[in-house]
Every structure is written in structure tokens, then in C-alpha cells.
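Coordinate analysis (summary)
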Amino acid sequence: MKRFAAALLAALMTVGLCGCSWQTESPDEAREVIQVIAMDTVMIFTTYGEKSTHADYLSEDEVRRLESLLSRTDGESVICQLNSAGGLGIDVGEEVCGLMEAAEEYTLATEGAFDITIAPVVAAWGFTEKENRVPSQKELDELLTLVGPEHITLAGDAAALTPGTQIDLGGIAKGYASDRIAEILKENSIPRATISLGGNVLAWGDRPDGTPWRVGIQDPQDPNNANAFAGMLHLTDAFAVTSGGYQRFFEADGKTYHHIIDPATGYPADSGLTSVTVVADCDLDEVDGTPSVGTMCDALSTALFVMGEEKALDFWRSGKYDFDLVLVTEDSRVVVTDGIADEFEESKESGYSYEVVS
Amino acid sequence: MKSSPKLRPCLWDGLVVLLVVVLAAACALAVWSRGTGAGDLTAVVTVDGTEAERILLKNFPDGERTYSGNGYTLHVCLADSQGAKGPGLYVADADCPTQDCVHTGTISRAGQSIVCLPARIIIRLEGGTVDKDAPDMVIG
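Fair warning: this is a prediction, and the values are worked out from it, not measured in the lab.

Residues and elements named next belong to chain A. The strand order across the open sheet formed by 3 strands is β3-β5-β4, and the pairing between neighbours is antiparallel. Either end of the sheet is taken by a strand with one partner, and the two such strands are β3 (90-91) and β4 (152-155). When β4 meets strand β5 (residues 158-161), the two strands line up antiparallel, connected through 4 bridges. If you follow L154 over to β5, its bridge partner there is A159. The strands touched by helix α4 (residues 93-109) within the sheet are β3, β4 and β5, with β4 carrying the most contacts at an inclination of about 130°.

Okay, structure coming up:
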């Protein structure tokens with residue numbers, strides 16, 4: 001009888017232990033994934049921790065709020081109202097004003113390679129319209145007279161544009177969204193997350209196994225292949241943004257025209273680069289929801305694509321901003337700045353040659 | 001020292017030990033298999049922000065499914081095992097204007113997605129064997 005009692009006890013203990021094992025799952029292991037189509041791209045929020053579901057849906061709400069606030073096509077948006085104000089000053093609010101100030105800073109820092117007033121030129125190429133077309137030189141020359149930071153006046157929370165000038169904050173909207181989401185993750189004590197906003201990503205914390213997140217840089221030569229990478233970044237607490245001409249383009253008369261317009265010429269940037277990835281640390285102490293590192297990465301990835309390899313590396317060496325670069329060139333080279341070299345993994349099957357610069 | 005006959009191990013004692021060992025092994029197996037996050041590869045299909053279907057690849061009926069959204073239709077097909085990669089999914093044809101979903105080709109591991117922005121359809125793979133070298137995110 002004692003033996004049966006012992007066997008029964010052993011069985012109960014085992015079942016009990018099994019139960020314990022389910023209970024001992026760390027709250028950090030709880031994971032929520034949601035996918036959202038917004039800002040003309042697909043976004044994937046993967047967060048861990050007790051508040052992962054809450055943080056994911058707050059992030060979605062925030063992205064939707066920014067989409068309607070910053071849209072260039074929604075007649076109700078502040079940006080639309082400013083663009084159609086015919087030169088009159090309107091109250092755009094503290095947030096939009098702050099973004100416009102940040103945009104102006106990057107315009108001046110990059111000597112106009114990034115410029116939110118390029119919007120009418122981009123529209124002339126049809127990238128924000130239904131049909132693409134090649135505008136005439138005369139049309140471009142006329143539109144370019146309305147491009148430049150001197151056509152924007154900011155005073156308090158009000159803004160005014162030179163009549164005819166239009167702005168599009170699309171070049172920093174996703175970067176700013178990543179800054180806002182970083183604050184949501186911080187406020188909800190999210191231990192780890194991957195936030196993917198099209199070409200903008202935020203690697204928050206590390207992987208559950210303690211290793212850095214692995215972020216593949218799409219191979220510009222094989223843009224639709226889900227398994228083709230120009231390299232792999234190993235990131236912990238970092239923002240990364242890629243700009244590439246292959247992302248949106250059209251063909252006319254046997255020529256390919258992509259969507260990153262050089263504000264100096266009005267034509268798609270022809271700088272010898274096929275993609276630019278800007279990487280910068282996300283310092284948790286400085287995350288406060290204002291336009292910061294995510295916004296910077298977004299603006300600089302566009303600007304440095306326009307500048308080309310030499311000028312982009314000079315800009316990086318100037319030390320004005322703290323970031324690193326992965327440049328992919330038309331002649332099949334991948335150039336990595338030395339600050340990120342240890343966190344970069346070459347893609348052996350890609351056929352690229354790799355170089356680290358300092 | 002001579003042991004008492006009552007303390008001498010017998011067949012029943014052996015059975016008790018065996019039972020404990022078997023239960024312990026079963027317990028360990030349950031915990032380990034859960035820890036790897038294993039499970040069969042599952043396609044999660046979202047149409048206009050709402051999860052429309054969650055379907056195991058091994059149960060993919062007749063190797064083809066049709067999904068519609070925003071006035072466009074996608075024909076999604078099951079790709080047979082591609083060497084070591086295992087089965088996957090691809091959009092065989094679609095009537096959307098961009099055709100990005102068709103050009104994406106075959107997705108075959110957890111985390112990969114096929115996206116059709118005009119149709120507002122996302123097909124994402126979850127579960128399956130965890131490949132530690134696979135990217136967690138792709139930029140570009």
C-alpha cells in the first residue's frame with residue numbers, strides 16, 4: 001500500500017512541477033505582434049513584456065494619429081491646410097512646428113540635400129500622384145524657384161509658406177513615428193521589441209537569448225527577393241533607416257527614374273549609390289517623444305543618398321551628428337563606416353565587395 | 001550488515017522508480033519543446049487590418065487559396081519543399097497595379113511577409129523551426 005501511495009505522490013509531484021514550469025514563464029517572454037498598413041507602407045510591431053499588447057496598440061494609434069496630422073493628401077490635415085493657405089500664416093501647433101524646425105535644421109546641415117519644400121517637384125514626377133511622368137526642364141526650373149528653406153517662415157506655433165511653395169514631411173514622418181514609439185516602449189517598460197516601419201526600424205533591447213537583433217539590409221540589386229541581403233546589422237538599442245532608389249521608380253523611354261529627387265537639379269539623384277543605411281544609437285535616457293535620433297536617421301538617409309559616396313563620407317567624418325553608415329554603390333561595393341563595422345556581417349552570397357572606412 | 005527483508009528492493013520498487021523516471025522525462029520534454037517555440041509553420045493572413053485567416057501550411061487545401069481586399073484578388077500558392085528551406089508560399093498572380101506581391105517570390109520562414117499595399121493584404125509566416133541566423137527585420 002505504501003508503494004502505491006509513493007507512486008501516487010510521485011505522479012502528483014511531477015504534474016505539479018509541470019504546472020510550475022508553465023507558471024515560471026518570465027513576463028518578459030510574453031510577445032505581441034501586430035501589422036499595420038499606414039503611411040503608405042507596412043509596419044510590424046513586435047514587442048515583449050507584460051504590457052506588450054498595450055504598447056503595440058498604443059503604437060498603432062500613434063502612427064494613425066501622425067498619418068492624419070502630417071498627410072499631404074488629406075484635406076483636413078494641418079500640412080494640407082498650410083499648403084493651400086496661399087501664403088497666409090496659420091497655426092500649425094507646437095508638434096508640427098517642432099518637426100518643421102527639425103527639418104530646417106537638417107536642410108541647413110546637409111546644404112539642401114534634404115528639403116521638405118521639394119514636394120511640388122516630386123509631385124511633378126508623379127510620385128505622389130496617380131501617374132508618373134517626366135516633367136519638362138522649363139517646368140522643373142519654375143518649380144525649383146519655390147524650393148528652399150527661405151520659403152518657410154516659422155513664428156511660435158504658426159507657419160507660413162511663400163505662395164506656390166508646398167511642404168511634405170514624408171521624408172521624416174516615419175523617423176519621427178519611430179521616436180514617438182520609442183517613448184511608448186519606454187513608458188510601458190517594454191524590455192525588448194522590433195519596430196519596423198517600412199525602411200525605418202527600431203531595435204529595442206536585445207533578443208530573448210541575449211544576442212543583438214539581426215537586421216537584414218535588402219539587396220538593392222534584387223529588391224523583391226525576400227532572401228537577398230547586402231549585409232546584416234547586429235543591433236541593440238538602435239535606429240536604422242535605409243533609403244534606396246529601387247524602392248519606388250518608373251521607366252519611360254528606356255530610362256529608369258526613381259523617387260529620391262535632388263533638390264539642386266529637380267531630377268532623381270544620380271549619385272552612384274543604390275542604397276544608404278544610417279544607423280544610430282537609441283539612448284534610452286534621451287527618449288522623450290520629441291523629434292530626435294529616429295527623425296535624424298530618416299532625414300540623413302535621404303540627404304546622403306542625394307550627396308553620393310564621397311560627400312556622404314565627408315559629412316559622416318565631420319562628426320556633426322553621431323551615426324554610422326552602410327553605403328551600397330552602383331559598382332557593387334558595400335562601404336561600412338568603422339563605428340558599425342563590428343556589428344556588420346557581410347552577405348557572402350551577394351557578390352558585393354566590402355570595405356570599411358574611417 | 002545484513003538488511004532486513006522488508007528493506008530489500010523488489011519488483012514494485014523498481015516500477016515506482018521507472019514511473020518517476022518516465023514522468024520526469026515527459027515533463028522535461030514538454031518544457032523543452034515549448035521553449036524552442038516550435039510548432040508548424042502557419043500563414044497569418046490580414047486583410048485591411050483584420051486577421052482573415054490563420055492556416056497551417058501543411059493543411060493548405062489543394063495548394064492554393066484566394067484572398068481579396070480593396071477590389072483586388074491574390075492567388076496564393078503553396079511552394080513545395082525547396083531543399084532545406086521547407087515549404088513556403090508565393091503569390092502566383094494578382095490583379096493589383098503594383099504587382100509587388102507577385103515579385104516578392106516565395107516566403108518560407110517565420111517572420112517573412114508578402115505585402116500587397118493596393119489590396120491591403122499581408123501574408124505573414126509564424127512558427128516553424130527557429131533559425132537563429134535569420135534576420136528579425138529587413139530594411140530597404
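After that view, the rundown keeps rolling.
All names here are of chain B. Read from one edge of the open sheet, 3 strands run β3-β4-β5, paired in antiparallel fashion. Of all strands in the sheet, those with a lone pairing partner are β3 (64-69) and β5 (88-94), marking the two edges. Across the sheet, the mean angle separating the axes of adjacent strands is 30° when strand polarity is ignored. With 6 bridges connecting them, β3 and strand β4 (residues 72-79) associate as antiparallel partners. For G69, the partnering residue across the bridge sits in β4 and is Y72.

A few words now on helix α9 (residues 309-318) of chain A. Residue and element names in this part refer to chain A. Within the sequence span of α9, burial applies to A312, L313, F315 and W316. The arc enclosing the buried residues of α9, seen along the axis, measures out at 155°, which places them on a common side. Opposite the buried face of α9, by more than 90 degrees, sit the exposed residues E310 and K311. At its buried positions, α9 is contacted by α4, α8 (293-307), β14 (324-329), β15 (333-337) and β17 (353-357). Just downstream of α9, G319 is the residue with a positive phi angle, here 75°.

Moving on to the interface of chain A and chain B. Between chain A and chain B, the residue contacts involve 47 residues of the former and 37 residues of the latter. Both sides together, the interface formed by chain A and chain B hides about 3400 Å², and carbon and sulfur atoms give 61% of it. Inspection of the chain A/chain B interface yields 2 salt bridges. Residue R207(A) pairs with D136(B) through a salt bridge whose shortest N-O separation is 2.9 Å. Counting across the chain A and chain B interface gives 12 residue pairs in polar contact (both at pLDDT 80 or more). Taken together, the elements giving at least two residues each to the side of chain A that touches chain B come down to α1 (2-23), β1 (31-38), β2 (41-48), β6 (193-197), β7 (200-204), β8 (213-218), β9 (229-235) and β10 (238-244) of chain A. Here the side of chain A that touches chain B takes 9 residues from α1(A), the largest share from any one element. Each residue belonging to the side of chain A that touches chain B can be placed in one class, and the counts come to 23 nonpolar, 18 polar and 6 charged. Summarising the sheet, β8(A) and strand β8 (residues 137-139) of chain B pair through 3 bridges and their orientation is parallel. Bridging across to β8(B), I217(A) finds its partner in I139(B).

The rules we used
Residues numbered from 1 in each chain as written. Chains lettered and ligands numbered in written order. Predicted model: local features only at pLDDT ≥ 70, side-chain atom pairs only at ≥ 80, totals over all residues. Heavy atoms only, no water. Pairing = 2+ DSSP bridges. Helix = DSSP H or I, 4+ residues; strand = E, 2+ residues; numbered from the N terminus. Contact = heavy atoms within 4.5 Å. Axes fitted to C-alpha atoms, helices over the stretch in contact; angles between N-to-C directions. Buried < 20%, exposed > 50% of the residue type's maximum accessible area, 1.4 Å probe, protein only. Arc of directions from axis to C-beta. Buried area = accessible area lost by both parts, 1.4 Å probe. Salt bridge = Lys/Arg side-chain N within 4 Å of Asp/Glu carboxyl O. Polar contact = N/O pair within 3.5 Å; in protein donor to acceptor, adjacent residues only side chain to side chain. Nonpolar A, V, L, I, M, F, W, Y, C, P; charged D, E, K, R; others polar.

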